[in-house]
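# Observations on the model geometry
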Amino acid sequence: MTSLQRFGVSMDDGLLEEFDELIARRGYSARSEAIRDLVRTELAREQSTAPDAEVVGTLTMVYNHHDFEHSGALTRLQHEHHDCVVCTTHVHLDAHDCLEIVVLRGPGARVRSVADGLVSRKGVRQGHLATIPVEVP
Ligand code: NI
């Protein structure tokens, strides 16, 4: 059974007030659980930055389909990196813009490289990659 350790945290009034507002918005009932989640998130982020650490990631992109989709770059890049691209979801936002969510899996450096290759293409207005480390037995 895991034992719990208690420790004190010093924080100035303004920062603590903002923290309490944040955890209230997110629905935490206690500061301790919020701090544990923040620590877990940071530890996971640190793990997923190791170049060879296995990660899963979602790349969310908004692009103009006249400039990007019709160039064939999206399909070509996904075929080139088929071992890394798990699946995609496409949403037609309006007559011109599309939202694409690409699920990626592989070593962190490769996942980031594939995501960078997609986001840097002409027509991509915004792109954001979020990764989570995968425990490999
Ligand atoms: Ni579309």
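Attention here is on the structure that accompanies the text. (Residues numbered from 1 in each chain as written. Predicted model: local features only at pLDDT ≥ 70, side-chain atom pairs only at ≥ 80, totals over all residues. Heavy atoms only, no water.)

## Description of the overall build of the protein
Looking only at helices and strands, the protein has 4 helices and 4 strands in total. In sequence order, the protein lays out its α and β elements as α-α-β-α-β-β-α-β. In summary, the protein has a C-alpha radius of gyration of 20 Å against a globular reference of 14 Å for 137 residues, an excess of more than 25%. Judged by the C-alpha coordinates and their principal axes, the protein covers about 55 × 40 × 20 Å. A burial count over the protein gives 25% of its 137 residues as buried. Across the protein, every contact between residues at least 6 apart in sequence was considered, and the portion connecting residues at least 24 apart equals 67%. Accessible surface, the protein as shown: approximately 9,600 Å² in total, 54% of it carbon and sulfur. Looking at charge distribution, the protein has the averaged site of its 14 positive side-chain charges lying 3 Å from that of its 21 negative ones. (Helix = DSSP H or I, 4+ residues; strand = E, 2+ residues; numbered from the N terminus. Rg over C-alpha atoms; globule rule 2.2 N^0.38 Å. Buried < 20%, exposed > 50% of the residue type's maximum accessible area, 1.4 Å probe, protein only. Contact = heavy atoms within 4.5 Å. Areas by Shrake-Rupley, 256 points an atom, 1.4 Å probe, with all protein chains shown as cover. Lys, Arg positive; Asp, Glu negative; His and termini not counted. Charge placed at Lys NZ, Arg CZ, Asp CG, Glu CD.)

## A few points about the coordination of the nickel ion
Octahedral six-donor coordination of a metal ideally yields angles of 90 or 180 degrees, compared with 109.5 degrees for tetrahedral four-donor coordination. Around the nickel ion, the donor atoms from the protein are H90 (NE2), H92 (ND1) and C98 (SG), and they sit 2.1 to 2.3 Å away. Sequence spacing among the residues donating to the nickel ion works out to H-x1-H-x5-C. (Donors = N, O, S within 2.8 Å, 3.2 Å for Na, K, Ca; no water.)

## Examining the pairing of strand β1 (residues 54-64)
By the bridge criterion, 11 bridges tie β1 to strand β3 (residues 97-107) in an arrangement that is antiparallel. Along β3, the bridge assignment pairs G57 with L104. In terms of strand pairing, β1 meets strand β4 (residues 124-133) through 9 bridges, oriented antiparallel. Paired with V62 across the bridge in β4 is Q126. (Pairing = 2+ DSSP bridges.)

## Examining the nonpolar core
Across soluble globular proteins, nonpolar side chains have a tendency to be buried as a group. The biggest cluster of nonpolar side chains holds 16 residues, and the ones touching the most others in it are L59, M61, Y63, V102, L104 and L118. When residues of this core are traced back to their parent elements, those giving at least two are β1, α3 (73-80), β3 and α4 (108-119). Contacts of L59, omitting those with residues within four sequence positions, involve E100, I101, V102, L104, A115, L118, V119, H128 and L129. (Core = buried A, V, L, I, M, F, W, Y, C linked by side-chain atoms within 4.5 Å.)

## Overview of the pattern of salt bridges
Under the definition given, this model contains 7 salt bridges. The salt bridge partner of R36 is E33, with a shortest N-O separation of 2.9 Å. Taken as a pair, R36 and E33 lie in helix α2 (residues 31-48) at a separation of 3 residues, close to a single helical turn. Taking relative accessible area as the criterion, R36 reaches 38% and is therefore assigned partly exposed. The exposure class of E33 is partly exposed, given its relative accessible area of 29%. In the salt-bridge network here, residues are joined through shared partners; they are E33, R36, D37 and R40. (Salt bridge = Lys/Arg side-chain N within 4 Å of Asp/Glu carboxyl O.)

## Digging into the sheet that holds β3
Think of a sheet as strands paired side by side through backbone hydrogen bonds, with each pair either parallel or antiparallel. Pairing in this open sheet of 4 strands is antiparallel, and the strands run β2-β3-β1-β4 from one edge to the other. Taken across any chain shown, the strands that pair with only one partner, and hence form the sheet edges, are β2 (85-92) and β4. With direction set aside, neighbouring strand axes in the sheet form an average angle of 15 degrees. (Axes fitted to C-alpha atoms, helices over the stretch in contact; angles between N-to-C directions.)

## Some words on α4
In this model α4 runs 16 Å from its N-terminal to its C-terminal C-alpha over 12 residues, within 8% of the 16 Å that 1.5 Å per residue would give. Buried within α4 are the following residues: G108, V111, V114, A115, G117 and L118. Taken together, the buried residues of α4 touch β1, α3, β3 and β4. (Expected span 1.5 Å × (residues − 1).)

In short, geometric facts, not functional conclusions.
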